[in-house]
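Examining the three-dimensional arrangement
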Amino acid sequence: MTVNNEERILIDAGLSEEQAAVYGALLERGPQKASNLASWTGIKRSLVYKILEQLDNMGFVEKKGSEGTVAVFSPNHPSLLLSAFEQKEKEMAMTKELITSSLGQLTSKFNLLAGKPNVQFFEGLDGVE
């Protein structure tokens, strides 16, 4: 799958390559059926439905159509990408704090497993020598 500049931006913002292709096609061509998106992106229709569901859960697309009709998917405003990226930044910062606060305990476990540090205690005259 060839990635264009706009899709590269979407991938850098956190979308998968397939998600970027589908969302990019919606931005370029407007509201579409999954079958049209499959044709334009080269992604199998069954996978396009899964990707559209993911994008819908992320808030990037909106599904329109009543039950028993073919659904049409519309792109939501791209500004949501920045919001999603900022949310991921917050999550990464929290994860970094958690790792930093747990590093001592994790290092201790590693050292015990690896036999480090090798501390020996001596008593009596042997300890003085």
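These notes cover the structure that comes with them. (Residues numbered from 1 in each chain as written. Predicted model: local features only at pLDDT ≥ 70, side-chain atom pairs only at ≥ 80, totals over all residues. Heavy atoms only, no water.)

Notes on the packing of aromatic side chains
Spelled out, the test is: Between 30 and 60 degrees the pair is tilted, below 30 it is stacked and above 60 it is edge-to-face, where a pair is any two Phe, Tyr or Trp rings, Trp via its six-membered ring, whose centres lie within 6.5 Å. Helix and strand assignments follow DSSP, with helices taken as H or I runs no shorter than four residues and strands as E runs no shorter than two, numbered in order from the N terminus. When a residue's accessible area, from a 1.4 Å probe over protein chains only, is under 20% of the maximum for its type it is buried; when over 50% it is exposed; and in between it is partly exposed. We call a charge positioned over a ring when the NZ of a Lys or the CZ of an Arg lies within 6 Å of the ring centre and within 35 degrees of the ring normal.
Per the counting criterion, the structure on display carries one aromatic pair. Measuring from ring centre to ring centre gives 5.7 Å for Tyr23 and Phe60, while their planes differ by 55 degrees; the resulting arrangement is tilted. Residue Tyr23 is located in helix α2 (residues 17–29), and its partner Phe60 is located in the loop between α4 (45–58) and β1 (61–64); the two are separated by 37 residues in the primary sequence. According to the relative accessible area criterion, Tyr23 is buried, its value standing at 0%. Since its relative accessible area comes to 2%, Phe60 is described here as buried. The ring of Trp40 has Arg29 lying over it, and the distance from NZ or CZ to the ring centre is 4.1 Å.

Some details on the nonpolar core
Under the convention used in this document: Nonpolar cores were defined as sets of buried Ala, Val, Leu, Ile, Met, Phe, Trp, Tyr and Cys residues, with membership established by side-chain atoms within 4.5 Å. By the convention used here, residues are in contact when the closest approach between their heavy atoms is within 4.5 Å.
Of all hydrophobic cores here, the largest spans 23 residues; its most connected members are Leu15, Tyr23, Leu52 and Leu55. Broken down by secondary-structure element, the contributors of at least two residues to this core are α1 (5–12), α2, α3 (34–41) and α4. Considering each element in turn, this core owes the most residues, six residues, to α2. In contact with Leu52, not counting residues within four places along its chain, are Val22, Leu26, Ala34, Leu37, Val61 and Phe73.

A few points about the environment of Leu37
Examined against the element boundaries, Leu37 turns out to sit in helix α3. Measuring from C-alpha to C-alpha, the distance between Leu37 and Leu26 comes to 7.8 Å, with 11 residues separating the pair along the chain. The residues touching Leu37, leaving out its near neighbours within four places in the chain, are Val22, Ala25, Leu26, Gln32, Gly42, Val48 and Leu52.

Digging into the side chain of Thr41
Which entries qualify depends on this criterion: Pairing of N or O atoms within 3.5 Å defines a polar contact, subject to two protein rules: one partner must be a possible hydrogen donor and the other a possible acceptor, and residues neighboring in sequence count only if both atoms are side-chain atoms.
Mapped onto the elements of the fold, Thr41 is located in helix α3. Polar side-chain contacts of Thr41 include one of 2.7 Å to the backbone oxygen of Leu37. Within polar-contact distance, the side chain of Thr41 engages the backbone nitrogen of Ile43 at 3.3 Å.

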